Amino acid sequence: MRLKLRNIFLVYFVVSSAGLLYALLQLGQQCDCTRQTKPPHDVHRWENTRPRGGENLPVIYVVTPTHARPHQRAELTRLSQTLLLVPDLHWILVEDSAARTTLVADLLAQSKLPYTHLNTLTPPAMKLKDSDPNWLKPRGVEQRNEALRWLRENRSPTDHGVVYFADDDNTYSVKIFEEMRNTQKVSVWPVGLVGGLRYEGPLVTGGKVVGFHTAWKTHRPFPIDMAGFAVSLALLLNHPKAQFDPNAERGFLESSLLGPLVAVGELEPKADNCTKIWVWHTRTEKPKLKQEDLLEKQGKGSDPKILV
Ligand code: UDP
Ligand code: MN
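Residues numbered from 1 in each chain as written. Chains lettered and ligands numbered in written order. Predicted model: local features only at pLDDT ≥ 70, side-chain atom pairs only at ≥ 80, totals over all residues. Heavy atoms only, no water.

(A) Spatial organisation of the site of ligand 1. In the vicinity of ligand 1, 16 residues are found, and the nearest of them are Pro 65, Asp 96, Lys 127, Asp 169 and Arg 283. Between ligand 1 and the protein, one listed contact pairs an oxygen atom with a side-chain N or O atom of His 67 at 3.0 Å. Here an oxygen atom of ligand 1 sits 2.8 Å away from a polar atom, N or O, in the side chain of Arg 283. Elements supplying a minimum of two residues to the shell around ligand 1: strand E1 (59-66) and helix H6 (141-154). Per-class residue counts for the shell around ligand 1 are one nonpolar, six polar and nine charged. (Near = heavy atom within 4 Å. Polar contact = N/O pair within 3.5 Å; in protein donor to acceptor, adjacent residues only side chain to side chain. Helix = DSSP H or I, 4+ residues; strand = E, 2+ residues; numbered from the N terminus. Nonpolar A, V, L, I, M, F, W, Y, C, P; charged D, E, K, R; others polar.)

Written out as structure tokens, the structure is:
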């Protein structure tokens, strides 16, 4: 019995001494902290945000008018890479040109997006000149109408879809695309940095649009920027004449499409009852390229084969 007790004590002594020794050794070691800390919430791995598709979602048809200028490729690269994050999306890119350009064709082919590449030239009388202020004439009108024509010829009202007019220079959060996905007729939300305000957008009471936060031409039937609404494909296809009026008074372009399609009381407010800004009417400064002429005169101009 005495022997047994001694043995138990001995085993206990050896095990606890070994444990103490191990703990002391560990104190001196460097910690592999990365294994123990959780990744911060704002780090999303690419795999988590990649479009999954296959869930039978209504397709978002993003209609983008675009025109040639030194920073066109930069704008389209930025936009295409935002659109890549959105599942079940089809990009309709319409060039304001007499023919489709290789610059845009190559960009689309490399984009990994489902797309349709169209073109139509704005008639010279309606075209903005370089010296004109950009509000003088409407921009991208013929191109958006060309996309509507394509949709009417290539899609049917039974196809589930929603159409969004996304200019190539705005800034889009991926959130806005999920907001518009289930549009029944016309969905709306505010747009940042437009109309001389921090934002312009619908005012919502009891889930209905009851007015608009705007300071410019407040009598417009739909004082909503192009980036602030989406229309169901079926509604557009069931109204085959609905389109943008190239002769609409300045500020009335959006109203010229929406007027025949929907009443203000029927608008579907999104983005937390129009309290969240998930799209911004940004504009890109025109790049200054005056050194190009200088170098060209010296025979040392930039290589035209390098696409910028
Ligand atoms: N756009 C066009 N042709 C033009 C000028 C503009 O197709 O001659 C396109 C442009 O690329 C953009 C949209 O029309 O996608 C709106 O133009 P812009 O951004 O200049 O208009 P704003 O921001 O002043 O409303
Ligand atoms: Mn713009």
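(B) Expanded view of the packing of helix H4 (residues 72-83) against helix H5 (residues 102-111). Between H4 and H5, the shortest axis-to-axis distance is 11 Å and the interhelical angle comes to 20°. The angle between H4 and H5 falls in the class roughly parallel. By crossing handedness, the relation of H4 to H5 is classed as right-handed. Packed against H4, whose contacting residues are Gln 72, Arg 73, Leu 76, Thr 77 and Ser 80, the element H5 presents Leu 103, Val 104, Leu 107 and Ser 111 at the interface. Looking at the contact of H4 with H5 residue by residue, the class counts come to four nonpolar, four polar and one charged. (Axes fitted to C-alpha atoms, helices over the stretch in contact; angles between N-to-C directions. Parallel < 35°, antiparallel > 145°, perpendicular 65-115°, else oblique. Left-handed = near helix turned anticlockwise from the far one by under 90°. Contact = heavy atoms within 4.5 Å.)

(C) The coordination of the manganese ion (ligand 2), seen in detail. Binding of the manganese ion (ligand 2) to the protein goes through Asp 169 (OD) and Asp 169 (OD), at separations of 2.1 to 2.6 Å. Take Asp 169: it is sitting in the loop between strand E4 (161-165) and strand E5 (171-172). (Donors = N, O, S within 2.8 Å, 3.2 Å for Na, K, Ca; no water.)

(D) Seen up close, the UniProt feature "active site" (unreviewed entry) in the protein chain. UniProt tags Glu 254 as "active site" (unreviewed entry). Residue placement: Glu 254 occurs in helix H9 (residues 253-258). Glu 254 has contacts with Phe 222, Ile 224, Asp 225, Met 226, Phe 229 and Phe 244, leaving out every residue within four places of it along the chain. (UniProt positions renumbered as here; feature names shortened; annotations may be inferred.)

(E) Broad picture of the packing of aromatic side chains. For the structure shown, the criterion picks out six aromatic pairs. Arranged with centres 6.2 Å apart and planes meeting at 50°, the rings of Phe 165 and Phe 229 form a pair that is tilted. Within this pair, whereas Phe 165 is found in strand E4, its partner Phe 229 is found in strand E10 (residues 229-232), the two being separated by 64 residues in sequence. On the basis of an interplanar angle of 85° and a centroid distance of 4.9 Å, the ring pair of Phe 165 and Phe 244 is categorised as edge-to-face. A residue pair is termed long-range when its members are at least 10 positions apart, and Phe 165 in strand E4 and Phe 244 in the loop between helix H8 (233-238) and H9 qualify at 79 residues. (Phe/Tyr/Trp six-rings, centres within 6.5 Å; stacked < 30°, edge-to-face > 60°.)

(F) Quick look at unusual backbone geometry. Within the chain, Leu 193 stands out as a residue other than glycine whose phi angle is a positive 60°. Secondary-structure assignment places Leu 193 in strand E7 (residues 191-194). Residue Leu 193 is classed as partly exposed on the basis of its relative accessible area, which comes to 49%. Positive phi values are uncommon outside glycine, yet Asn 273 reaches one of about 55°. Position of Asn 273 among the secondary structure elements: in helix H10 (residues 271-274). (Buried < 20%, exposed > 50% of the residue type's maximum accessible area, 1.4 Å probe, protein only.)

(G) Local environment of H5. Residues of H5 that are buried: Val 104, Leu 107, Leu 108 and Ser 111. Each buried residue of H5 sits inside an arc of 95° when the element is viewed along its axis, so together they form one side. Residues of H5 that are exposed and angled more than 90 degrees away from the buried face: Thr 102, Ala 109 and Gln 110. Contacts made by the buried residues of H5 are with H4, strand E2 (89-95) and strand E3 (115-119). Residue Lys 112 follows H5 closely and has a positive phi angle near 70°. (Arc of directions from axis to C-beta.)

(H) Structural context of empty space enclosed by the protein. Counted according to the given criterion, the structure contains one cavity of 30 Å³ or more. Within this model, the largest cavity holds a volume of roughly 40 Å³. Per-class residue counts for the lining of the largest cavity are three nonpolar, two polar and one charged. (1 Å grid on protein atoms, 1.4 Å probe; cavity = no way out; pocket = protein on both sides within 12 Å on 5 of 7 lines; lining within 4 Å. Points joined across faces, edges and corners; volume = space filled by probe spheres on them.)

(I) Quick look at the sheet that holds E3. Within the open sheet, the seven strands sit side by side as E3-E2-E1-E4-E10-E6-E11. Their pairing is mixed. Across the chains shown, the open sheet's two edge strands, defined by having one partner strand only, are E3 and strand E11 (268-269). Strand direction decides the pairing type here: strand E6 (residues 186-188) and E10, joined by three bridges, are antiparallel. Paired with Val 188 across the bridge in E10 is Phe 229. (Pairing = 2+ DSSP bridges.)

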